[in-house]
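Descriptive structure summary
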Amino acid sequence: MIGGTDIVMRTSSGPAALDLCVRMIRMEWANAVFEDARSERYVHAYEDLSFSRLGEIFVYRDAEAAKAWQELGADESNQNTMIHILMSDTEMTVVVDDPHDAAMARVLDSIRAGLRMDILEMRAAA
Amino acid sequence: MIYESHSALERLLRDCELGWMIDWYDPPDQALPHLREALAEATAESRRRLGEGAPRFDEETLAGEYDQNPHKLRAFLQALGSTRSAPMLVLVWRIMQGATIQAVELTYEAKVSFRLRIVLTSSYDGRQDVYESTDINDAALLRHLGITTVDGKPLFDGFYPLRIR
């Protein structure tokens, strides 16, 4: 069995922050497959994701990884092939198996850098 | 006379805090026809570039996107308030749908010239598409781009709404 490491990042940007997080993961995993953790519905294309309804999502490296997780769950062979994201009003929790794995470290760094983008937090004058 | 205050487009604009796009238009009752014309031009441009399966920008599509991804629709309608260029609206939509911003070139000389050229790469087939403008007002669209780094390297990614409140 593999375990997860929770990385908590503060953000109040809701769906836009989750969108950004998914886009950053796609930089590493171009063929990522998504699962709405609540409805257990799989989504194979980024543009079909409905971020307003996603509070929790599993992002698999690809369709093969999604299938392996379905069949084996948290088996050692599935290490670092899925990222679990949970949103709240004030923070995003990203769960990875090994944050020191090179690919996971790149993804986490990209998400952290992305969440610092001023467009997510800066208010324009009304 | 058909009173259009409850049209889908007006509802979307007001929900996205963009009612000024109607109220400040001169005359205000021509705002929605004007915006619909811009959307129709964008649909035609989209089809010209991407074929029959290209994105459409009718009110039903926009309302559906607002339901599923309000942050994206807000950003798109803000862009609609900034540009009259159909190619630029297609560009915005494609970035929001996941296309990679492969290259950006901006040249400008005060009171002489402005040129913006953006190359997108499809995340599915790698196809590249070029979008160009010589209207300096389209520089406003650059404010919406996500600006970040990946692995220490520069990246423009995503098209985000300006937050009004």
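The structure contained in this document is the topic of the report that follows.

The rules we used
Residues numbered from 1 in each chain as written. Chains lettered and ligands numbered in written order. Predicted model: local features only at pLDDT ≥ 70, side-chain atom pairs only at ≥ 80, totals over all residues. Buried ≥ 20, exposed ≤ 12 C-beta atoms within 10 Å, placed from the backbone. Helix = DSSP H or I, 4+ residues; strand = E, 2+ residues; numbered from the N terminus. Arc of directions from axis to C-beta. Contact = placed C-beta atoms within 7 Å. Core = buried A, V, L, I, M, F, W, Y, C linked by C-beta atoms within 7 Å. Nonpolar A, V, L, I, M, F, W, Y, C, P; charged D, E, K, R; others polar. Pairing = 2+ DSSP bridges. Axes fitted to C-alpha atoms, helices over the stretch in contact; angles between N-to-C directions.

Bringing helix α4 (residues 59-68) of chain B into the picture now. Residues and elements named next belong to chain B. The complete set of buried residues in α4 reads L62, E65 and Y66. Buried residues in α4, looked at end-on, bunch into an arc of 105 degrees, giving them a common side. Among the exposed residues of α4, those pointing more than 90 degrees away from its buried face are E60 and D67. For α4, the elements touching its buried residues are α1 (8-15) and α5 (70-82).

Within the largest apolar cluster, 68 residues are counted, with the highest numbers of intra-cluster contacts made by L18, C21, V59 and I85 of chain A together with F76, L89 and V92 of chain B. Ranked by residues supplied to this core, first place goes to helix α6 (residues 86-96) of chain B with nine residues. What L89 of chain B contacts, discounting residues up to four positions off in sequence, is A42, F57, A79, L80 and T83 of chain B.

Counting residues at the interface gives 21 residues for chain B and 23 residues for chain A. Contributing elements (two or more residues each) for the side of chain B that touches chain A: α5, β4 (145-150) and β5 (153-159) of chain B. If you tally residues by element for the side of chain B that touches chain A, the top one is β4 of chain B, at five residues. In the side of chain B that touches chain A, the residues fall into six nonpolar, eleven polar and four charged.

Another point: the environment of V94 of chain A. All names here are of chain A. Summarising the element assignment, V94 is placed in strand β6 (residues 91-96). Sequence-wise, V94 and I83 are eleven residues apart; in three dimensions their C-alpha atoms are separated by 6.9 Å. Residue contacts for V94: discarding those within four places in its chain leaves I7, M9, C21, I83, I85, L108 and I111.

Turning our eyes to something else, we now look at the sheet that holds strand β1 (residues 100-109) of chain B. All names here are of chain B. The strand order β1-β2-β3 describes an open sheet built from three strands, whose pairing is antiparallel. Two strands in the sheet have a free side with no partner beyond their single neighbour: β1 and β3 (128-133). If you compare each strand with its neighbour and ignore which way they point, the axes differ by 10 degrees on average. With six bridges connecting them, strand β2 (residues 113-121) and β3 associate as antiparallel partners. Across the sheet, residue L120 finds its bridge partner in β3, namely D129.

Residue and element names in this part refer to chain A. Alignment of strand β2 (residues 33-36) against strand β4 (residues 56-60), held across four bridges, turns out to be antiparallel. Bridging across to β4, E35 finds its partner in F58. Both β2 and strand β3 (residues 42-43) contribute to a ladder of two bridges, which runs antiparallel. Along β3, the bridge assignment pairs E35 with Y42. With antiparallel pairing between neighbouring strands as the criterion, β2 and β3 make up a hairpin whose turn holds five residues, including E40 at a positive phi of roughly 60 degrees.

Below, the discussion takes up the environment of E37 of chain B. Residues and elements named next belong to chain B. With respect to the helices and strands, E37 occurs in helix α3 (residues 31-50). What makes E37 exposed here is the crowd of 11 C-beta atoms within 10 Å. Note: C-alpha distance between E37 and R84 (47 residues apart in sequence) is 9.8 Å.

Moving on, we get to the sheet that holds strand β1 (residues 5-10) of chain A. All names here are of chain A. Taken in spatial order, the six strands make up an open sheet running β1-β6-β5-β4-β2-β3, and their pairing is antiparallel. Since the sheet does not close on itself, it has two edges, and those belong to β1 and β3, each with one partner. Relative to strand β5 (residues 82-87), helix α1 (residues 14-28) is tilted by about 170 degrees, and along the sheet it contacts β4, β5 and β6.

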